Amino acid sequence: MSSLTITPMQRALALASQALWLTSPNPRVGCVITAWDGAVLGEGHTQRAGQAHAEIMALRDAQARGHSVQGATAYVTMEPCAHQGRTGPCCDALTQAGITRVVVGARDPNPLVVASQGLERLQAAGVHIEHDDQAAGLSRELNLGFFSRMQRHTPWVRMKIAASIDGQTALENGQSQWITGPKARADGHAWRARACAVMTGIGTVLEDDPLLDTRLVTAPRAPHLVIVDSRLETPLTARLFQAQPALPRQIWIYAAVDHPERRAALQALGAIVTLMPGPGGKVDLAALLRDLARREVNEVHVEAGHKLNGSLVREGLVDEFLLYLAPKLIGQGRGMAQIGPLNHLSEAPSLSFAEPTLIGPDLRILARVTGRDLF
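Because the structure is a prediction, the values reported are computed rather than measured.

Draft legend 1. Focus on the overall build of the protein chain. When you go through the protein chain residue by residue, the secondary structure sums to twelve helices and 17 strands. On C-alpha atoms alone, the protein chain measures out to a radius of gyration of 23 Å, which is about the 21 Å that the 2.2 N^0.38 rule sets for 375 residues. The dimensions of the protein chain, computed from C-alpha atoms along their principal axes, are 65 × 45 × 40 Å. Contacts in the protein chain between residues at least 24 apart in sequence constitute 75% of all its contacts with a sequence separation of at least 6. Entry remark: accessible area of the protein chain is about 17,000 Å², with carbon and sulfur atoms responsible for 53%. When the 36 basic and 35 acidic side-chain charges of the protein chain are each reduced to a single mean position, those positions are 4 Å apart.

This is the structure we're talking about:
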């Protein structure tokens, strides 16, 4: 048996973090099983959707090590499920294995879990339950997209912007490659990879012809691609249809105006085209996000131009900003988001900064819209 220099719950949270790029649309969960003296019997984290959850992985790990878990304690970052979904109930697996104490972080917001009362079923089986409030907050933070989808019925929207230190995302002529350095671009790909879907606008597709994949990092899955294309102008030759065949993804195009021939041609390439008209001949962005939630999208990673960025900000649909600021001065160019002009400073969205981080020569700032995580 091995011992931990950190607490079992801290280790379980670290395991959950290892599942950051893997579990979508399921939450990232870690589990550590310990003996009465704190020795680790088994550990694991949730696998791909349809595969084993964290508790099952920890039980398998204990079995592989030759350890009995009779009378053991399970530290789980999120409430064990009690419903039959893609996999069986984890609470039953724990009780059948002989676990007698469970220390849990966050309660699962999934209505299926709430209705089937995972912790209550454990207690009814004689398992002692303890709650770790600090772990609950950290687990929720790790799974904000999942909590958002379950409780707000919309994904968590993170807008990534690479800009000069004076806030310009491109030259006035549209040139933007590359404002930030290679390390910042690779870091941005890692944030793409953790999302369920990457969103862009038709302007970016036409001007930059991007791949919008995760080729700069090693990832086990590819996020789906969402294109906001009001008039169905996505070129059939766009490079986004050629990205990373080893990591298949779906391409969802949302339009406001139907062009049957163009729609049929895009669908022939594998795109899923959805008509979602809103005011002014534009796509209804709020309805689009609700539709993505129905498609089990937890986190949306937006990489778009100043027009779509501005629309999302003006409609109050952005939860946080992932900013990469390069040590460059551009002067007149294209800004981060076309939202002004404002009449009063009080109209500006209020943000809170996370700790800034240097990524190569560039500065990364995570800025959350005040109150967006209160759900």
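Draft legend 2. Fine view of the packing of aromatic side chains. Tallied over the full model, the rule gives one aromatic pair. Between Trp156 and Phe375, the ring centres sit 6.3 Å apart and the planes meet at 50°, which makes this aromatic pair tilted. Of this pair, Trp156 sits in strand E6 (residues 156-164) while Phe375 sits in the segment after strand E17 (362-369); the two residues are 219 residues apart in sequence, bridging distant segments of the chain. Judged by relative accessible area, Trp156 falls into the buried class, the value being 1%. Residue classification places Phe375 among the partly exposed positions, given a relative accessible area of 26%.

Draft legend 3. Focus on the pattern of salt bridges. A complete count under the given rule lists 24 salt bridges for this structure. The residue Arg231 makes a salt bridge to Glu233 at a minimum N-O spacing of 3.6 Å. Residue classification places Glu233 among the partly exposed positions, given a relative accessible area of 32%. Here the residues in one salt-bridge network are Arg28, Glu141, Arg158, Arg194, Glu299, Glu320, Arg368 and Asp373, joined through shared partners.

Draft legend 4. Spatial organisation of the pairing of strand E12 (residues 299-302). By the alternation rule, side chains of E12 split into Glu299 and His301 and Val300 and Val302, which are all buried. Inspection of the sheet shows strand E8 (residues 197-201) paired to E12 by three bridges, in the parallel sense. Pairing of Ala197 across the sheet is with Val300, part of E12.

Draft legend 5. Representation of the packing of helix H6 (residues 133-142) against helix H7 (residues 144-151) in the model. Packing of H6 against H7 leaves a shortest axis separation of 5 Å and a crossing angle of 85°. Taken as axis vectors, H6 and H7 run roughly perpendicular relative to one another. Of the residues in H7, those in contact with Arg140, Glu141 and Leu142 of H6 are Leu144, Phe147 and Gln151. Residue composition of the contact of H6 with H7, by class: three nonpolar, one polar and two charged.

Cut-offs and rules
- Residues numbered from 1 in each chain as written.
- Predicted model: local features only at pLDDT ≥ 70, side-chain atom pairs only at ≥ 80, totals over all residues.
- Heavy atoms only, no water.
- Helix = DSSP H or I, 4+ residues; strand = E, 2+ residues; numbered from the N terminus.
- Rg over C-alpha atoms; globule rule 2.2 N^0.38 Å.
- Contact = heavy atoms within 4.5 Å.
- Areas by Shrake-Rupley, 256 points an atom, 1.4 Å probe, with all protein chains shown as cover.
- Lys, Arg positive; Asp, Glu negative; His and termini not counted.
- Charge placed at Lys NZ, Arg CZ, Asp CG, Glu CD.
- Phe/Tyr/Trp six-rings, centres within 6.5 Å; stacked < 30°, edge-to-face > 60°.
- Buried < 20%, exposed > 50% of the residue type's maximum accessible area, 1.4 Å probe, protein only.
- Salt bridge = Lys/Arg side-chain N within 4 Å of Asp/Glu carboxyl O.
- Pairing = 2+ DSSP bridges.
- Axes fitted to C-alpha atoms, helices over the stretch in contact; angles between N-to-C directions.
- Parallel < 35°, antiparallel > 145°, perpendicular 65-115°, else oblique.
- Nonpolar A, V, L, I, M, F, W, Y, C, P; charged D, E, K, R; others polar.

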